[in-house]
Amino acid sequence: MTNTRQHDSRPDMTVNLAGIRMKNPVMVASGTFGYGPEYADLVDLNRLGAFVVKGIRMQPCPGNEVPRMVEVRGGLVNAIGLQGPGVKKFITGYLPFLRAYDVPVIVNIWGQTEDEYGEVAAHLDGVPGIAGLELNISCPNVRHGGIAFGTDPQVAGRLIAGVRRRTRLPIIPKLSPNVPDIGMFARMAEESGADAVSLINTIPAMVVDVATRRPVLANKIGGLSGPAIHPVAVRLVWEAAKAVKIPVIGMGGIMEPEDALEFLIVGASAVAVGTANFTDPSTALRVVDGIEKYLVVHHMRDLRQVIGSVQV
Amino acid sequence: MQIEQARVLKHAQFSGDYRLLTLEAPVISALVEPGQFLHVRVPRLEQSVLRRPFSIYEAGSGQLGILYKQVGRGTEALARVVEGETLNLIGPLGNGFPLPEPGTLPVLVAGGYGVAPLRLLASRLKDKGILFVGGRTAADILCVQDFEAMGWPVQVATEDGSSGMKGWVTSVLDPWLDAHPGEMMTFYACGPDGMLKAIGERAVRHESIAWLSLDKHMGCGVGACLACVQKIRLPDGEEVLERVCREGPVFEAREIVWK
């Protein structure tokens, strides 16, 4: 009886995000958890709300030269350049590992042309074990694609509508923080057929070595992530959530459960942990536990009571 | 690969600017193979999101030893760690040094504190070999007594000539190689890229295997972030980027495509 009662008193942490049924609202962000095996020895992947894999395009992509990453105060700047195996190898060689787990897999996709996004989406449509697609229109580290498509609302809208026609999977454009009006971009995504939006991607950044007077990263510029960008991300998620009816996934510098709760309170239906996975691989699971504890302490029986509960 | 809270048993000067951190980490220490590394969350490293990778100097009896020098923010913060406090470790990570080819002499070549993982390797090898160690000055030549206590001959070179031969480590290695033309050997090396490349060239010339341990700036340490990649030539000639933290840090000389 005691067990049953305890079970009943636990708040409902589940999320149905555009048809993706998640045990809890906490995902791991693309590019920070690999394809599954990397952290499987350290973290119970079954406890994650969802798993977003590293960005995939049609062809294998070598990524940028090294150095690709540099730590800064409150975060890191990376210019990996979307190294990846290409969609065919991903399906046969990488996806099977995660299929053995009870966790929704969201595939982050990108292309060097608008049409390539649709082509990758079409290849993944109907592949068992994929719950949704995140469209990377915001990576600052590739010359063709990524942020170039995500900072022009016409191009972004056309690209999203193009992907929409080629897949039945939920599509989640990942928005760049590098735009003047995030609400307008979020609305454009919604009107173009997006099922949700995720934000923010990294903030374009640069680090210079004063001894050599050279950029530290081989790519010269990269994307800033980590706790330094968290307040920026909270503001953008708030504005995006106000602008659209589709769910918003909040990310950017989550280190502690409170950081995730801020996103939920300003209107995100789910969150993603990124850079903090490198600091402490169990961050996402700590965040799950911390959110649940918050609900209990505040006598909330359902996660939905906290989403969008900001008092303004 | 495990994650473990390790208690600091001892933290003391090793020699000169080098310090030895001895940790109680029974889970990880039991799993360590020479050449593998630890990814350490350094306490009180303000505003830092990345762990720091360290090679392993000693592992056994539930303990781990990290030999390091203060070279940046991470190691400066590590130097402030005191006995009794705990550090979060992920390890052991990467692939260690394979065993020597049967019937070959292990020839170990170290640059500076690159000697640390080689010292652990030597302590685990059945057969004695020889150590060549180079550094900037006499203060950068470490572990000579450790090797001599194990009965290994040691040859030293320093750039300023303050210990051993004046010059790079190759200035003692090359004459020795010339004097042992028929010797079957397996090379093991850890140190700066330039040294590793030079050892690789000598291994090719002597038709020997050379296991080189690379040092690259790392992010996650487990293969997820793809920060520490190295161009590798596969047996079929295809060149691919492999993760130093996951497929390395030890590669055979012929696999590495130097810039």
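About the criteria used
Residues numbered from 1 in each chain as written. Chains lettered and ligands numbered in written order. Predicted model: local features only at pLDDT ≥ 70, side-chain atom pairs only at ≥ 80, totals over all residues. Helix = DSSP H or I, 4+ residues; strand = E, 2+ residues; numbered from the N terminus. Rg over C-alpha atoms; globule rule 2.2 N^0.38 Å. Buried ≥ 20, exposed ≤ 12 C-beta atoms within 10 Å, placed from the backbone. Contact = placed C-beta atoms within 7 Å. Nonpolar A, V, L, I, M, F, W, Y, C, P; charged D, E, K, R; others polar. Axes fitted to C-alpha atoms, helices over the stretch in contact; angles between N-to-C directions. Left-handed = near helix turned anticlockwise from the far one by under 90°. Domains from an automatic or database assignment. Pairing = 2+ DSSP bridges. Expected span 1.5 Å × (residues − 1). Arc of directions from axis to C-beta.

Caption draft 1: Local environment of the overall build of chain A. On a plain count of helices and strands, chain A comes out with 11 helices and 16 strands. Taking 20 Å as the expected radius of gyration for a compact globule of 312 residues, we find that chain A reaches 19 Å, a close match to that expectation. For the C-alpha atoms alone, the extent of chain A along its principal axes is close to 65 × 50 × 40 Å. Out of the 312 residues in chain A, the part that is buried amounts to 57%. In chain A, the share of contacts with a sequence separation of at least 24, taken over all contacts with a separation of at least 6, comes to 72%.

Caption draft 2: Examining helix H3 (residues 115-124) of chain B more closely. Burial within H3 of chain B is extensive, with eight of its 10 residues counted as buried. What H3 of chain B keeps buried is the set Val 115, Ala 116, Pro 117, Leu 118, Arg 119, Leu 120, Leu 121 and Ala 122 of chain B.

Caption draft 3: Molecular detail of the interface of chain B and chain A. With 21 residues of chain B at the interface, the matching set in chain A holds 27 residues. For the side of chain B that touches chain A, the per-class residue count stands at 13 nonpolar, five polar and three charged.

Caption draft 4: Representation of the environment of Arg 68 of chain A. Examined against the element boundaries, Arg 68 of chain A turns out to sit in the loop between strand E4 (50-56) and strand E5 (69-72). Separated by 13 residues in the primary sequence, Arg 68 of chain A and Gly 81 of chain A place their C-alpha atoms 8.2 Å from one another. Not counting residues up to four positions away in its chain, the partners in contact with Arg 68 of chain A are Asn 78, Ala 79, Ile 80, Leu 217 and Ala 218 of chain A together with Ala 227 of chain B.

Caption draft 5: Main features of the environment of Tyr 294 of chain A. Residue and element names in this part refer to chain A. Within the fold, Tyr 294 resides in helix H11 (residues 283-297). Along the sequence, Tyr 294 and Pro 11 sit 283 residues apart, while their C-alpha atoms lie 9.9 Å from each other. Contacts of Tyr 294, omitting those with residues within four sequence positions, involve Pro 257 and Leu 261.

Caption draft 6: Layout of the packing of helix H9 (residues 257-265) of chain A against H11 of chain A. Residue and element names in this part refer to chain A. Orientation of H9 relative to H11, taken along the N-to-C sense of each, is 65 degrees, at an axis distance of 8 Å. Where H9 crosses over H11, the two elements pack in a sense that is right-handed. For the pair formed by H9 and H11, the contact residues are Pro 257, Ala 260 and Leu 261 on the first element and Arg 286, Val 287, Gly 290, Ile 291 and Tyr 294 on the second.

Caption draft 7: Here's a closer look at the domain arrangement of chain B. Residues and elements named next belong to chain B. The domain boundaries assigned to chain B delineate domain 1 (2-93) and domain 2 (105-255). Distance from the C-alpha centre of domain 1 to the C-alpha centre of domain 2: 22 Å. Between domain 1 and domain 2, the contact holds 22 residues from the first and 17 residues from the second. It is strand E6 (residues 63-69) that provides the largest number of residues to the side of domain 1 that touches domain 2, a total of three residues. Taken together, the residues that form the side of domain 1 that touches domain 2 break down as 13 nonpolar, five polar and four charged.

Caption draft 8: Molecular detail of the sheet that holds strand E11 (residues 203-206) of chain A. Residues and elements named next belong to chain A. Pairing in this open sheet of four strands is antiparallel, and the strands run E5-E6-E14-E11 from one edge to the other. Each edge of the open sheet carries a strand with a single partner, namely E5 and E11. Within this sheet the neighbouring strands show an average axis-to-axis angle of 40 degrees, counted without direction. Pairing analysis gives four bridges linking E11 to strand E14 (residues 221-225), with the strands arranged antiparallel. Across the sheet, the residue bridging to Ala 205 is Gly 222, located in E14.

Caption draft 9: Looking closely at helix H6 (residues 153-164) of chain A. Residue and element names in this part refer to chain A. Taking 1.5 Å as the rise per residue, H6 with 12 residues should run 16 Å; its terminal C-alpha atoms sit 16 Å apart, in good agreement. Among the residues of H6, Ala 156, Leu 159, Ile 160 and Val 163 are the ones counted as buried. Looking straight down H6, one finds its buried side chains confined to an arc of 95 degrees; they lie on one side. Buried residues in H6 make contact with helix H4 (114-124), strand E8 (132-136), helix H5 (147-150), strand E9 (171-174) and helix H7 (182-191).

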